[in-house]
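Here is how the chains run, residue by residue.
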Amino acid sequence: MINVNDFKPGVTFQYEGNIYVVIEAQHSKSGRGQAHVKTKAKNLRTGATTSITFTGGDKVEKAMIDKVEMQYLYDDGVNLVFMDSQTYDQVEIPTERLTWEKNFFKEGVTASVTKYEGEVLGVLLPDKIDLQVIEAEAAVKGDTSSGAMKKAIVETGWELQVPLFIKEGEIISINTSDGKYAGRA
């Protein structure tokens, strides 16, 4: 059991049959009454973010989340298929649960698959991923105001803004948290 007063970002817990990860926790104490812990938490099964208010001192069950390094193999149209590098076990995760993550998967990329008691919850991407630019607009000479950007498409189909000097065929680094250009690889 874990005391809600100890909540901080990243803590995983079970509450009302669901598994949550704490995004934000705010402790408040009123003059006479009991303290409250207002928590912004993400449901790891559905991906929904909710606010939950606990009374100070409440206890919830800690959820032990396992992270297994797996290699992305392919998209079969319905599921994304991953393989454990040590045991060669394959795991299929429905595509609709990984709508954001699939923008950054190419064959052979390694990611952490999160599991709770054998149930696959999702995938944790690396902070940055290197992908090849397959299509980039031509830069127009003289079109160089400070921080000028142009549209580019990488090998996974993700569309983003890149600096004017990036050309087709280059490998660029992309932040997986917001999908923005991070630099040349």
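Our structure's up above, just so we're on the same page.
Residues numbered from 1 in each chain as written. Predicted model: local features only at pLDDT ≥ 70, side-chain atom pairs only at ≥ 80, totals over all residues. Heavy atoms only, no water.

**Things to note about the environment of D76**
Residue position: D76 is located in the loop between β7 (66-75) and β8 (79-84). For D76, a relative accessible area of 39% puts it in the partly exposed group. Distance from D76 to P94, taken between C-alpha atoms, is 9.8 Å for residues 18 residues apart in sequence. When sequence neighbours within four positions are dropped, the list of residues in contact with D76 reads V81 and E92. At a separation of 2.9 Å, a polar atom in the side chain of D76 contacts the main-chain amide nitrogen of V78. In this structure the side chain of D76 is engaged in a polar contact, spanning 2.6 Å, whose partner is the backbone nitrogen of N79. (Helix = DSSP H or I, 4+ residues; strand = E, 2+ residues; numbered from the N terminus. Buried < 20%, exposed > 50% of the residue type's maximum accessible area, 1.4 Å probe, protein only. Contact = heavy atoms within 4.5 Å. Polar contact = N/O pair within 3.5 Å; in protein donor to acceptor, adjacent residues only side chain to side chain.)

**Regarding the environment of N175**
Looking at where N175 falls in the secondary structure, it is placed in strand β15 (residues 171-175). Residues N175 and D127, spaced 48 residues apart in sequence, show a C-alpha to C-alpha distance of 6.0 Å.

**Examining the sheet that holds strand β6 (residues 59-62)**
Reading across from one edge, β1-β6-β2-β3-β4-β5 is the order of the six strands in this open sheet, with antiparallel pairing throughout. Edge positions in the sheet fall to β1 (2-3) and β5 (49-55), since each of these pairs with one other strand and no more. Strand direction decides the pairing type here: strand β2 (residues 12-15) and β6, joined by two bridges, are antiparallel. Of the residues in β6, the one forming a bridge with F13 is K62. (Pairing = 2+ DSSP bridges.)

**Focus on the sheet that holds strand β9 (residues 90-94)**
The five strands are arranged β9-β8-β7-β10-β11 in an open sheet whose pairing can be described as antiparallel. On the outer flanks of this sheet lie β9 and β11 (119-124), each paired with one strand and no other. The mean inter-strand angle of the sheet, taken between neighbouring strand axes irrespective of direction, is 45 degrees. Of the strand pairs in this sheet, β7 and strand β10 (residues 110-116) are connected by six bridges, and their pairing is antiparallel. Paired with D66 across the bridge in β10 is K115. (Axes fitted to C-alpha atoms, helices over the stretch in contact; angles between N-to-C directions.)

**Thoughts on the packing of aromatic side chains**
By the definition in use, this model includes 11 aromatic pairs. Pairing F13 with Y20 gives two aromatic rings, centres 5.5 Å apart and planes at 25 degrees, and the pair type is stacked. Taken as a pair, F13 and Y20 share a single burial class, namely buried. Among the aromatic residues, those joined into a ring-pair cluster are F7, F13, Y15, Y20 and F54. (Phe/Tyr/Trp six-rings, centres within 6.5 Å; stacked < 30°, edge-to-face > 60°.)

**Observations concerning the side chain of S173**
Mapping S173 onto the fold places it in strand β15. A distance of 3.3 Å separates a polar atom in the side chain of S173 from a polar atom in the side chain of D130. If sequence neighbours within four positions are ignored, S173 has contacts with K128, I129, D130, K180, Y181, A182, G183, R184 and A185.

**Quick notes on the side chain of T12**
Relative to the helices and strands, T12 resides in strand β2. At a separation of 2.5 Å, a polar atom in the side chain of T12 contacts the main-chain carbonyl oxygen of A63. Those residues within four positions of T12 in sequence are excluded, and the remaining contacts are Y20, V21, L44, K62, A63 and I65.

**A word on a negative patch on the surface**
A cluster of like negative charges, contributed by E135, E137, E159 and E168, occupies part of the molecular surface. For E135, the position within the fold is in strand β12 (residues 128-136). Since its relative accessible area comes to 45%, E135 is described here as partly exposed. (Patch = residues over 30% accessible without salt bridge, like charges linked within 9 Å, V, L, I, M, F, W, Y side chains within 5 Å. Areas by Shrake-Rupley, 256 points an atom, 1.4 Å probe, with all protein chains shown as cover. Salt bridge = Lys/Arg side-chain N within 4 Å of Asp/Glu carboxyl O. Lys, Arg positive; Asp, Glu negative; His and termini not counted. Charge placed at Lys NZ, Arg CZ, Asp CG, Glu CD.)

**What to know about the nonpolar core**
Nonpolar side chains in soluble globular proteins generally cluster together in the buried interior. Among the nonpolar cores identified, the biggest contains 29 residues, and F82, I93, F105, V123, L160, I172 and I174 are the most heavily contacted of them. Examining the composition of this core, we find that four residues originate from one element, β12, more than from any other. The contact partners of I174, leaving out residues within four places of it in the chain, are F104, D127, K128, I129, L131, V154, W158, L160, G179, K180 and A182. (Core = buried A, V, L, I, M, F, W, Y, C linked by side-chain atoms within 4.5 Å.)

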